[in-house]
Amino acid sequence: MNRPNYAVIEERDPAQLNDLKKRANLLRWRIIETSHRANIPHLGSCLSCVDILTALYFSILKIDTENANWSERDRFILSKGHGAPALFQVLAMRGFYPESMLETYGEDGSIFAEHPPAPRELPGIEAATGSLGHGLPLGLGMALAGRIRNQDYRVYVLLGDGECNEGTIWEAAMLAAAQKVNKLCVIIDFNKWQGTDRSQEIMALDPLIDKWQAFGWNACEIDGHNLQEILTTLENLPANNKPTAIIAHTIKGSGISFMEDDNNWHYRIPSADDLSKAKAELKLEVGPL
Amino acid sequence: MRNAFANEVTELARQDQRVVLLSGDIGNKLFDDFKRVDPNRFYNCGIAEANMMGVAAGMALSGFRPVIYTITPFTTTRCFEQIRVDVCYHEAPVIIVGTGAGLSYAELGPTHHSLEDMAILRTLPGMCVMAPGDAVELRLALRAALKQDHPVYIRIGKKGEPNIHAQLPELEIGKVIRVQEGNDVVILSAGTVMPEVQKAAELLKVKGISVEVASAHTIKPLDETYLCSITQRFKLLVTVEEHGLIGGLSSAVAEWRARENSQIPHLSIGTPDEFMHEIGSQEYARKKFGLVGEAITERVLAFFN
């Protein structure tokens with residue numbers, strides 16, 4: 001694995017890491033419970049990116065939940081829009097809207113469904129995704145807009161590995177490199193699966209890091225479930241004039257033994273029995289975060 | 001029309017810091033003046049129109065007013081999903097300009113023809129669809145589009161289109177411009193085919209038929225007020241467009257007629273449901289599809305005989 005070279009790896013406050021781990025754990029539970037209750041698929045895809053989302057929303061992103069449209073905010077786009085069940089939970093936990101709003105999840109007339117709605121419909125959402133390959137061009141446009149105005153914000157775009165099948169990802173990658181958009185950061189949730197098979201079998205994705213480097217980006221590989229590594233990487237993005245791609249090696253269904261690396265959980269809905277087994281594995285701690 | 005576009009968008013960029021121009025690797029020299037106004041607001045996005053559309057939407061969501069420019073099929077059919085999702089669903093105020101619309105590039109073959117663009121873009125919620133009749137209407141359309149807070153699509157010709165207005169007209173989105181008044185037949189013309197419509201009006205005058213001509217520079221929203229006002233005054237409503245008969249001005253008017261149960265006879269003149277396989281000039285292509293003054297005249301006369 002081509003891990004990033006950090007000048008200094010700071011010893012992280014164990015309390016911070018512990019807090020993030022607890023949050024990620026609780027998010028996992030809420031995602032699984034909602035999937036069961038509201039019949040929402042893509043559980044495996046949500047669980048593979050939940051640690052990345054936790055690190056971003058509780059440590060990295062410069063955002064203001066009271067002023068969701070603050071012009072200097074960092075932008076985060078969940079380009080793999082089918083991970084929305086995870087995003088909806090993390091936005092609520094972060095305080096963009098009350099967690100009680102999620103009780104309507106999946107009901108007729110609810111805003112919470114399988115993919116993120118348009119930004120005007122829910123605070124904290126930057127782009128309506130779900131059709132794959134759209135988030136990176138949108139994010140590139142946002143990053144260029146920030147550069148024209150001399151603003152300091154960064155744009156983070158989370159892609160799926162299956163999503164890298166889409167040609168627009170590579171169109172955007174080339175333009176971002178040509179334009180030297182160094183405030184743009186892509187994170188690839190590389191769980192090695194897509195809807196129906198191994199991503200490598202379907203579209204010969206490997207060597208993924210070489211592809212991004214060949215397209216003119218900084219690129220590194222990390223363990224996408226190691227919060228310390230995620231944070232350190234995101235806090236130390238290269239200070240050159242290239243955009244950065246972080247290839248986060250993840251496990252589809254991460255955190256629940258019987259879901260891990262089993263692609264049936266791309267669409268399967270957990271039963272009541274699955275739910276209690278998952279709850280036992282997560283060893284949820286009672287009490288405030 | 002291309003030059004008028006370049007001049008007008010440059011002027012608008014000078015006046016409005018929000019204007020950004022994105023081009024799909026065409027017309028680079030055309031935009032040298034624009035680049036002199038502000039090089040940071042011109043982007044040659046390469047031959048990657050789907051990405052360009054997404055980038056424009058991202059800029060629009062960040063407060064800019066991007067104008068996208070490339071050859072019509074590539075800025076419409078090529079990236080329809082990006083227009084649908086990134087632009088329209090996000091209500092991103094992007095101005096999409098398709099150059100060489102209709103049969104302007106007849107000699108380049110069907111890959112460069114555009115006889116479906118108005119049809120498909122008209123289906124998208126919130127999208128305004130415009131087909132200015134000449135360079136003057138184009139300049140006014142751009143200014144009007146910039147005042148909208150929703151997406152606008154403008155299809156234009158290439159170069160050398162004659163001016164149709166004796167005086168500077170007023171252009172309001174969704175309101176036709178009456179080019180000449182008449183009593184028997186009204187012809188609505190969309191886009192640069194207007195001179196042929198004017199020629200037909202002259203020929204019909206000789207035959208004793210008085211023709212009103214209006215530039216339907218906006219296909220969506222349709223000027224229903226005008227349409228309602230003409231039903232009692234004319235014996236025949238004609239629509240002319242350098243576009244397929246499925247989905248463009250003709251269809252929009254037919255939909256209006258059905259909604260209103262209007263009894264005015266409607267004659268549709270446009271291109272049939274086929275690709276143009278052979279190569280030829282725009283004039284050749286227009287003749288082939290009956291989009292010239294003489295052919296329009298014959299169709300109208302046939303109605304009266």
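Residues numbered from 1 in each chain as written. Chains lettered and ligands numbered in written order. Predicted model: local features only at pLDDT ≥ 70, side-chain atom pairs only at ≥ 80, totals over all residues.

Novice: What should I look at first to understand the overall build of chain B in this one?
Specialist: Within chain B, the regular secondary structure consists of 12 helices and 12 strands. Dimensions of chain B along its principal axes, counting C-alpha atoms only, are 60 × 40 × 35 Å. Within chain B, the proportion of its 305 residues that are buried is 54%. Counting contacts in chain B only where the partners sit at least 6 residues apart, residues at least 24 apart contribute 77% of the total. (Helix = DSSP H or I, 4+ residues; strand = E, 2+ residues; numbered from the N terminus. Buried ≥ 20, exposed ≤ 12 C-beta atoms within 10 Å, placed from the backbone. Contact = placed C-beta atoms within 7 Å.)

Novice: Is there a simple way to explain the overall build of chain A in this structure?
Specialist: A count of helical and extended segments in chain A gives nine helices and five strands. In sequence order, the secondary structure elements of chain A are arranged as α-α-β-α-α-β-α-β-α-α-β-α-β-α. Seen through its principal axes, chain A has C-alpha atoms that stretch 50 × 45 × 40 Å. Looking at the 289 residues of chain A, the share that counts as buried comes to 48%. Taking the intrachain contacts of chain A between residues at least 6 apart in sequence as the baseline, contacts between residues at least 24 apart amount to 76%.

Novice: Looking at this model, I keep getting lost on the interface of chain A and chain B. Mind explaining?
Specialist: In many analyses, interface size is given as the accessible surface area lost on bringing the parts together. At the junction of the two partners, chain A supplies 20 residues and chain B supplies 23 residues. Looking at the side of chain A that touches chain B, the elements that each hand over two or more residues are α4 (135-148) and α5 (167-178) of chain A. Top contributing element to the side of chain A that touches chain B by residue count: α4 of chain A, with 10 residues. Across the side of chain A that touches chain B, the residue classes break down as 13 nonpolar, six polar and one charged. (Nonpolar A, V, L, I, M, F, W, Y, C, P; charged D, E, K, R; others polar.)

Novice: Just to check I follow, could you spell out the domain arrangement of chain B for this structure?
Specialist: Residue and element names in this part refer to chain B. Each assigned domain of chain B is listed here: domain 1 (2-155) and domain 2 (177-304). Contacts between the two partners involve 25 residues from domain 1 and, on the opposite side, 29 residues from domain 2. For the side of domain 1 that touches domain 2, the secondary-structure elements that each account for two or more residues are α6 (117-122), β5 (128-130) and α7 (135-146). Residue composition of the side of domain 1 that touches domain 2, by class: 14 nonpolar, five polar and six charged. (Domains from an automatic or database assignment.)

Novice: What is the right way to read the sheet that holds strand β6 (residues 152-155) of chain B from this model?
Specialist: Two orientations exist for strands paired in a sheet by backbone hydrogen bonds: parallel and antiparallel. Residues and elements named next belong to chain B. Here we have seven strands laid out as an open sheet, ordered β2-β1-β3-β4-β6-β5-β10, and mixed in their pairing. Two strands bound the open sheet, and with one partner strand each, they are β2 (42-44) and β10 (218-220). Averaged over all pairs of adjacent strands, the angle between strand axes in this sheet comes to 20°, irrespective of strand direction. Of the pairings in the sheet, the one linking strand β1 (residues 19-23) to strand β3 (residues 65-71) comprises five bridges and is parallel in character. (Pairing = 2+ DSSP bridges. Axes fitted to C-alpha atoms, helices over the stretch in contact; angles between N-to-C directions.)

Novice: Can you help me understand the sheet that holds strand β2 (residues 155-160) of chain A in this one?
Specialist: Residues and elements named next belong to chain A. Spatially, β1-β2-β3-β5-β4 is the arrangement adopted by the five strands of the open sheet, whose pairing is parallel. Because the sheet does not close on itself, it has two edges, and the strands there are β1 (75-78) and β4 (218-223). Each neighbouring strand pair of the sheet contributes to a mean axis angle of 20°, computed without reference to strand direction.

Novice: Quick question: what am I supposed to make of the nonpolar core here?
Specialist: Generally speaking, soluble globular proteins have nonpolar side chains that are buried together. Core analysis: the biggest nonpolar cluster contains 171 residues, and Leu-140 of chain A together with Leu-21, Ala-56, Ile-68 and Ile-187 of chain B have the highest contact counts within it. Ranked by residues supplied to this core, first place goes to helix α2 (residues 43-60) of chain A with 11 residues. Three or more residues apiece are contributed to this core by two domains, here domain 1 (2-155) and domain 2 (177-304) of chain B. Setting aside anything within four residues of it in sequence, one finds Leu-140 of chain A in contact with Ala-172, Leu-175, Ala-176, Val-181 and Leu-184 of chain A together with Val-55 and Gly-58 of chain B. (Core = buried A, V, L, I, M, F, W, Y, C linked by C-beta atoms within 7 Å.)

Novice: For this particular structure, what's the right way to read the packing of helix α1 (residues 14-38) of chain A against α2 of chain A?
Specialist: A pair of packed helices is characterised by two quantities: the angle between their axes and the separation of those axes. All names here are of chain A. It is the contact of α1 with α2, at a shortest axis distance of 9 Å, that shows an interaxial angle of 140°. When you trace α1 past α2, the crossing you get is right-handed. Touching Leu-20, Arg-23, Ala-24, Leu-27, Arg-28, Ile-31, Ile-32 and Ser-35 of α1 are Leu-43, Cys-46, Leu-47, Val-50, Asp-51, Thr-54, Ala-55, Phe-58 and Ser-59, all from α2. A per-class count over the contact of α1 with α2 returns 11 nonpolar, three polar and three charged. (Left-handed = near helix turned anticlockwise from the far one by under 90°.)

Novice: Would you explain helix α8 (residues 227-235) of chain A in this entry?
Specialist: Owing to its 3.6 residues per turn, the α-helix brings residues three or four apart onto one side. For α8 of chain A, the full list of buried residues reads Leu-227, Glu-229, Ile-230, Leu-231, Thr-233 and Leu-234 of chain A. Packing partners of the buried residues in α8 of chain A comprise α1, α2, β4 and β5 (244-249) of chain A.

Novice: What am I meant to see in the environment of Arg-78 of chain B here?
Specialist: Residue and element names in this part refer to chain B. Summarising the element assignment, Arg-78 is placed in the loop between α4 (72-75) and α5 (80-89). Under the C-beta neighbour-count criterion, Arg-78 is labelled partly exposed, with 19 such atoms within 10 Å. Each C-alpha atom of the pair Arg-78 and Ile-68 lies 13 Å from the other, and the pair is 10 residues apart in sequence. Non-local contacts of Arg-78, meaning those with residues more than four positions away in its chain, are made with Glu-49, Ala-50 and Pro-73.

Novice: Hey, could you run me through the packing of α2 of chain A against helix α3 (residues 84-94) of chain A in this one?
Specialist: Residue and element names in this part refer to chain A. Between α2 and α3, whose axes approach to 9 Å, the crossing angle comes to 30°. Comparing their axes, α3 and α2 come out roughly parallel. Crossing handedness for the pair α2 and α3: right-handed. Contacts from Cys-46, Cys-49, Val-50, Leu-53, Thr-54, Tyr-57 and Phe-58 in α2 reach Pro-85, Ala-86, Leu-87, Val-90 and Arg-94 in α3. (Parallel < 35°, antiparallel > 145°, perpendicular 65-115°, else oblique.)

Novice: Explain unusual backbone geometry to me, please; I cannot follow it from the model alone.
Specialist: Residues other than glycine predominantly adopt negative phi, and peptide bonds predominantly adopt the trans conformation. That bond from Asp-206 of chain A to Pro-207 of chain A is cis: its omega, -5°, falls within 30 degrees of zero. Looking at the secondary structure, you find Pro-207 of chain A in the loop between α6 (199-203) and α7 (208-214). In this structure, the amide linkage connecting Lys-220 of chain B to the following residue, Pro-221 of chain B, adopts the cis form with an omega of 0°. Here Pro-221 of chain B shows up in the loop between β10 and α9 (224-230).

Novice: When you look at the pairing of β2 of chain A in this model, what are you seeing that I'm missing?
Specialist: Each regular strand displays side chains that alternate between the two surfaces of the sheet. All names here are of chain A. Of all the six residues making up β2, six are buried; the element is thus mostly covered by neighbouring parts of the structure. Side-chain alternation along β2 places Val-155, Val-157 and Leu-159 on one buried face and Tyr-156, Leu-158 and Gly-160 on a second face that is also buried. Direction of pairing for β1 relative to β2: parallel, over a ladder of four bridges. Looking across to β2, one finds that Phe-76 is bridged to Tyr-156. As paired elements, β2 and strand β3 (residues 184-190) share six bridges and run parallel to each other. Of the residues in β3, the one forming a bridge with Leu-159 is Ile-188.

Novice: What's the story with the environment of Gln-263 of chain B in this structure? I'm lost.
Specialist: All names here are of chain B. Checked against the element boundaries, Gln-263 lands in the loop between α10 (249-260) and β12 (266-271). In this structure Gln-263 comes out as exposed when scored by C-beta crowding, with 8 C-beta atoms within 10 Å. Remark: the alpha-carbon pair of Gln-263 and Gly-182, spanning 81 residues in sequence, is separated by 19 Å.

Novice: Would you explain the environment of Gly-191 of chain B in this entry?
Specialist: All names here are of chain B. Here Gly-191 is to be found in the loop between β8 (185-190) and α8 (194-206). Classification of Gly-191 as buried rests on a count of 29 C-beta atoms within 10 Å. Filtering out sequence-adjacent residues up to four positions away, Gly-191 remains in contact with Ala-101, Gly-102, Ala-131, Gly-133, Arg-155, Glu-241 and Glu-242.

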